[in-house]
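For reference, the chains in residue letters:
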Amino acid sequence: MTDTSVLEKNSACLSVYARLAKAEILRQEGVVRMARRTWRKWRRTSGVCARVDGVGVLHIDAAIVIRYGCNVRELVPRVQCAILDALQRVSDRPIGQVNVMVEGIKYSRRFIQRTKE
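The rules behind each value
- Starting afresh in each chain, residues are numbered from 1 along the sequence in its written order.
- Reporting in this predicted model follows two pLDDT cut-offs: at least 70 for local features of residues, and 80 or more for side-chain atom pairs to be given and counted; totals over whole chains, interfaces and linings ignore these cut-offs and use all residues.
- Excluded from the side-chain calculations are hydrogens and water; all other atoms, namely the structure's heavy atoms, are used.
- Working definition: helices are DSSP H or I runs of at least four residues, strands are E runs of at least two. Numbering for both runs from the N terminus.
- Note on contacts: a residue pair is in contact if any heavy atoms of the two residues lie within 4.5 Å.
- The protein chains shown are the only cover counted for residues, whose accessible areas, like all others here, come from Shrake-Rupley with a 1.4 Å probe.
- For Phe, Tyr and Trp, rings pair up if their centres lie within 6.5 Å, where Trp contributes its six-membered ring, and each pair is then called stacked (planes under 30 degrees apart), edge-to-face (over 60) or tilted (otherwise).
- Using a 1.4 Å probe on the protein chains alone, a residue whose accessible area is under 20% of its type maximum counts as buried, one over 50% counts as exposed, and one in between counts as partly exposed.
- Strand pairing follows a simple DSSP-based rule, namely that at least 2 bridges must link the two strands.
- Residues enter a nonpolar core if they are buried and are Ala, Val, Leu, Ile, Met, Phe, Trp, Tyr or Cys, with the set joined through side-chain atoms within 4.5 Å.
- The span one expects for a helix is its residue count, reduced by one, times 1.5 Å.
- The directions considered for the arc run from the helix axis to the C-beta atoms.

Draft legend 1. The overall build of the chain, seen in detail. Summing up its helical and strand segments, the chain has three helices and five strands in all. Reading the secondary structure of the chain in the N-to-C direction produces α-β-β-β-β-α-β-α. Considering only contacts in the chain between residues 6 or more positions apart, those separated by 24 or more positions represent 67%. If you sum the accessible surface of the chain, you get close to 7800 Å²; carbon and sulfur atoms cover 49% of it.

In structure tokens:
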């Protein structure tokens, strides 16, 4: 097996981890959508980046948009735990950091109209 095929196989595997993390994130109440963020070419899924360090530990970075009025201090740890649990169920790979960044807040139309008056 050449180095190129190993890289392609790892990229596909990381893509599966990123998609799984994205699915778990979108199931959480209070998360509106994934943020539009561009990650590195080989390891991107809209709003989620999966990467493996030199020791073989999997790390996840996620960018989300939340609904106005949600408690960020409760939501972000809940999202992190959901990602961690999902990855531990399907993988025997050690999991390192699960970083969740709130990139924006989605306001309701009623809130926007109220503030304009």
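Once the structure has been displayed, the description carries forward.
Draft legend 2. Representation of the packing of aromatic side chains within the structure. Under the definition given, this model contains one aromatic pair. Seen from their ring centres, Tyr68 and Tyr107 are 5.1 Å apart, and the 40 degrees between their planes marks the pair as tilted. Placement of the pair is Tyr68 in the loop between strand E4 (58-67) and helix H2 (72-90) and Tyr107 in the loop between strand E5 (95-106) and helix H3 (109-116), with a sequence separation of 39 residues. We classify Tyr107 as partly exposed; its relative accessible area is 36%.

Draft legend 3. Fine view of the pairing of strand E3 (residues 48-52). Here five bridges tie E3 to E4, and the two strands are oriented antiparallel to one another. Along E4, the bridge assignment pairs Val52 with Leu58. Linking E3 back to E4 in an antiparallel pair, the connection comprises five residues, with Gly56 at a positive phi of about 100 degrees.

Draft legend 4. Representation of the nonpolar core in the model. In this structure, Ile25, Val48, Ile60 and Ile83 are the most contacted members of the largest nonpolar core, which totals 22 residues. Where this core is concerned, the elements lending two or more residues are helix H1 (3-26), strand E1 (31-34), E3, E4, H2 and E5.

Draft legend 5. Fine view of H2. Between its first and last C-alpha atoms H2 spans 27 Å; for 19 residues at 1.5 Å apiece the expected length is 27 Å, and the two agree. Among the residues of H2, those classed as buried are Leu75, Val76, Val79, Ala82, Ile83, Ala86 and Leu87. Down the axis of H2, the buried side of the element spans an arc of 125 degrees, and every buried residue falls inside it. Among the exposed residues of H2, those pointing more than 90 degrees away from its buried face are Arg73, Glu74 and Arg89.

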